[in-house]
2 protein chains.
Amino acid sequence: MAVLTAAVRMFNARGYHATSLDDVAASLGVSKPTIYHYLGNKEQVLVECLTMGMDQLLDAADKARAGLGKGIDRLRAFLLSYAEVNMEEFGRCNILTANETLSPDARETIRLLKRRIHATLEDLVAEGVADGSIASCDARFAALTLASALNGPSRWHRPDGPQTPREIATILVDFLTAGLAPR
Amino acid sequence: MAVLTAAVRMFNARGYHATSLDDVAASLGVSKPTIYHYLGNKEQVLVECLTMGMDQLLDAADKARAGLGKGIDRLRAFLLSYAEVNMEEFGRCNILTANETLSPDARETIRLLKRRIHATLEDLVAEGVADGSIASCDARFAALTLASALNGPSRWHRPDGPQTPREIATILVDFLTAGLAPR
DNA sequence: ATCAATACCTACTGAAGAGTAAGTATTATT
DNA sequence: AATAATACTTACTCTTCAGTAGGTATTGAT
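Thresholds, definitions, all that
- Residues numbered from 1 in each chain as written.
- Chains lettered and ligands numbered in written order.
- Predicted model: local features only at pLDDT ≥ 70, side-chain atom pairs only at ≥ 80, totals over all residues.
- Heavy atoms only, no water.
- Helix = DSSP H or I, 4+ residues; strand = E, 2+ residues; numbered from the N terminus.
- Buried < 20%, exposed > 50% of the residue type's maximum accessible area, 1.4 Å probe, protein only.
- Contact = heavy atoms within 4.5 Å.
- Lys, Arg positive; Asp, Glu negative; His and termini not counted.
- Charge placed at Lys NZ, Arg CZ, Asp CG, Glu CD.
- Buried area = accessible area lost by both parts, 1.4 Å probe.
- Salt bridge = Lys/Arg side-chain N within 4 Å of Asp/Glu carboxyl O.
- Polar contact = N/O pair within 3.5 Å; in protein donor to acceptor, adjacent residues only side chain to side chain.
- Near = heavy atom within 4 Å.
- Nonpolar A, V, L, I, M, F, W, Y, C, P; charged D, E, K, R; others polar.
- Disulfide = S-S within 2.5 Å.
- Phe/Tyr/Trp six-rings, centres within 6.5 Å; stacked < 30°, edge-to-face > 60°.
- Lys NZ or Arg CZ within 6 Å of the ring centre and 35° of its normal.

1. Some thoughts on the overall build of chain A
Item 1. Across its full length, chain A holds 9 helices and 0 strands.
Item 2. By principal-axis analysis of the C-alpha atoms, chain A measures approximately 60 × 35 × 25 Å.
Item 3. A total of 183 residues make up chain A; the buried ones form 48% of that total.
Item 4. Long-range pairs, those at least 24 residues apart, make up 66% of the contacts in chain A with a sequence separation of at least 6.
Item 5. One finds the centroid of the 20 positive side-chain charges in chain A at a distance of 2 Å from the centroid of its 22 negative side-chain charges.

What follows is the structure in structure tokens.
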């Protein structure tokens, strides 16, 4: 829905709290009650945006789980998609929105979705360790670190920069695969 | 000052926008005008908190630059401090506070401080690459990735968890040093 | 004793913005 | 043609704060 794409852009650019629904409505050339006609309240607008982003991630997670190849290959495929989604508007919104922004109910809903993504990450790492394609490590911390690292571009990436999201994602994933130490 | 430690705790726990200065004052058992007696406005309270955190980071950066050893050793020392600071209240505040929270002026002030930290990170990586202690890589992206990864604990670390901040920092830095690929 | 600075207070003002009441215009249905 | 659902509107209300006006109490300096 157009309301969501207008809202997510403003939320990402100015922050949720600094964006009034009057602003969002004005950017669409309509009035605020029009938004209330479609969505119950401001938080629901945000939750809908967050859910759009999470759905893209969930799709990528399903594909990665169903994919072929060694653990490292499937993990890398997922990491690339993960980083790319987080450079799109809806994905970014999930990274830029702090937890305490949401009411306890909405927070829990989103938390459950995030947990599924994190579980996928952890499982893929564990599989890679099991099949020898990934160095032995604590899968939980590894997943947390990978996710944090790939959340970065949501904050500093510029759509008009020299690299495409895909290129940025590849550089980061290569770096995380290789580590700092020389071989 | 007591105002700052009370404020930073509430900002971190509930978010800047969800924290009123009446709340902060009440948690200290004083009235809001008392806060205005010491600090000019709400944003200045935040900026002061952010600056406290950045100062800790700047100290660590100076120590790392002045340190001995190969690039990788000095980088690792800095990364450990960086991660640790970001698990303390004032450090966390820098991670949890979105840019658009600040006015353009304050944003610029903080941005300059952050740039110094990032430059240190980048320089240490470049030195390590030059002396062969770090694998050849794009220093800019490496620094960005390392920082993002080490910002993670600010969001998920619990002070009452099983690991100390130092332990968490060590696990993450080891992981980033080694990378995913087996050797 | 007087003056002034410090550290607070109660009680306001003013603005922003979420959400609503109560309507109108347009299109689809019977 | 009459009804009803859809897609909007203007013009509010109500709450929550940031920030202020204008005080008092306490302490230290002269």
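2. Observations concerning the interface of chain B and chain A
Item 1. Facing 36 residues of chain B, the contacting portion of chain A comprises 36 residues.
Item 2. Taken together, both faces of the contact between chain B and chain A bury some 3,200 Å²; the carbon and sulfur share is 70%.
Item 3. Considering only the surface of chain B that becomes buried against chain A, B:Phe141, B:Phe175 and B:Leu180 emerge as the three largest contributors, covering 22% of it.
Item 4. Along the contact surface separating chain B from chain A lie 0 salt bridges.
Item 5. Counting across the interface, chain B meets chain A through 8 residue pairs in polar contact (both at pLDDT 80 or more).
Item 6. Secondary-structure elements contributing two or more residues to the side of chain B that touches chain A are helix H1 (2–14), helix H5 (71–85), helix H8 (139–156) and helix H9 (165–178) of chain B.
Item 7. With 10 residues, H8(B) is the largest single contributor of residues to the side of chain B that touches chain A.

3. Re the protein's contact with DNA strand C
Item 1. In the vicinity of DNA strand C lie 15 residues, with A:Leu21, A:Lys32, B:Ser31, B:Thr34 and B:Tyr38 positioned nearest.
Item 2. Near the protein, within 4 Å, the atoms of DNA strand C are sugar or phosphate in 60% of cases.
Item 3. Measuring from a phosphate oxygen of DNA strand C, one finds a side-chain N or O atom of B:Thr34 at 2.4 Å.
Item 4. If you list the elements that add at least two residues to the surface near DNA strand C, you get helix H3 (32–38) of chain A together with helix H3 (32–38) of chain B.
Item 5. Here the element with the most residues in the surface near DNA strand C is H3(B); it accounts for 4 residues.
Item 6. Across the surface near DNA strand C, the residue classes tally to 6 nonpolar, 7 polar and 2 charged.

4. Re the state of the cysteines
Residue and element names in this part refer to chain A.
Item 1. Within the structure shown, the criterion is met by 0 disulfides over all chains.
Item 2. This cysteine, Cys-49, is not joined by any disulfide, and Cys-93 carries the nearest cysteine sulfur, 5.3 Å off.
Item 3. Cys-49 sits in the buried class, given a relative accessible area of 0%.

5. A word on the pattern of salt bridges
Residues and elements named next belong to chain A.
Item 1. Using the criterion set out here, one finds 17 salt bridges over all chains in the structure.
Item 2. Taking the shortest distance from any N to any O, the salt bridge between Arg-14 and Asp-23 comes out at 2.9 Å.
Item 3. A salt bridge links Arg-76 to Asp-174; its shortest N-O distance comes to 2.7 Å. One end of the pair, Arg-76, is in helix H5 (residues 71–85); the other, Asp-174, is in helix H9 (residues 165–178), with 98 residues separating them in the sequence.
Item 4. For Arg-76, a relative accessible area of 23% puts it in the partly exposed group.
Item 5. Look at the salt bridges and you will find they share partners, linking Arg-9, Glu-89 and Arg-92 into a network.

6. Structural notes on the protein's contact with DNA strand D
Item 1. The environment of DNA strand D is formed by 15 residues, the closest being A:Ser31, A:Thr34, B:Leu21, B:Lys32 and B:Lys42.
Item 2. Within 4 Å of the protein, the contacting atoms of DNA strand D are drawn from sugar and phosphate to the extent of 56%.
Item 3. With respect to DNA strand D, the side chain of B:Lys32 contributes an N or O atom lying 2.8 Å from a base nitrogen.
Item 4. Here B:Lys42 contributes a side-chain N or O atom positioned 2.7 Å from a phosphate oxygen of DNA strand D.
Item 5. For the surface near DNA strand D, the secondary-structure elements that each account for two or more residues are H3 of chain A together with H3 of chain B.
Item 6. The leading source of residues in the surface near DNA strand D is H3(A), at 4 residues.
Item 7. Class assignment of the residues belonging to the surface near DNA strand D gives a composition of 6 nonpolar, 7 polar and 2 charged.

7. Remarks on the packing of aromatic side chains
All names here are of chain A.
Item 1. For the coordinates displayed, the defined rule picks out 6 aromatic pairs over all chains.
Item 2. Aromatic pair Phe-11 and Tyr-16: ring centres 5.2 Å apart, planes at 65 degrees, arrangement edge-to-face.
Item 3. Classification of Phe-11 as buried rests on a relative accessible area of 4%.
Item 4. Taking relative accessible area as the criterion, Tyr-16 reaches 14% and is therefore assigned buried.
Item 5. One cation-aromatic arrangement involves Lys-42 over Tyr-16; the distance from NZ or CZ to the ring centre is 4.3 Å.

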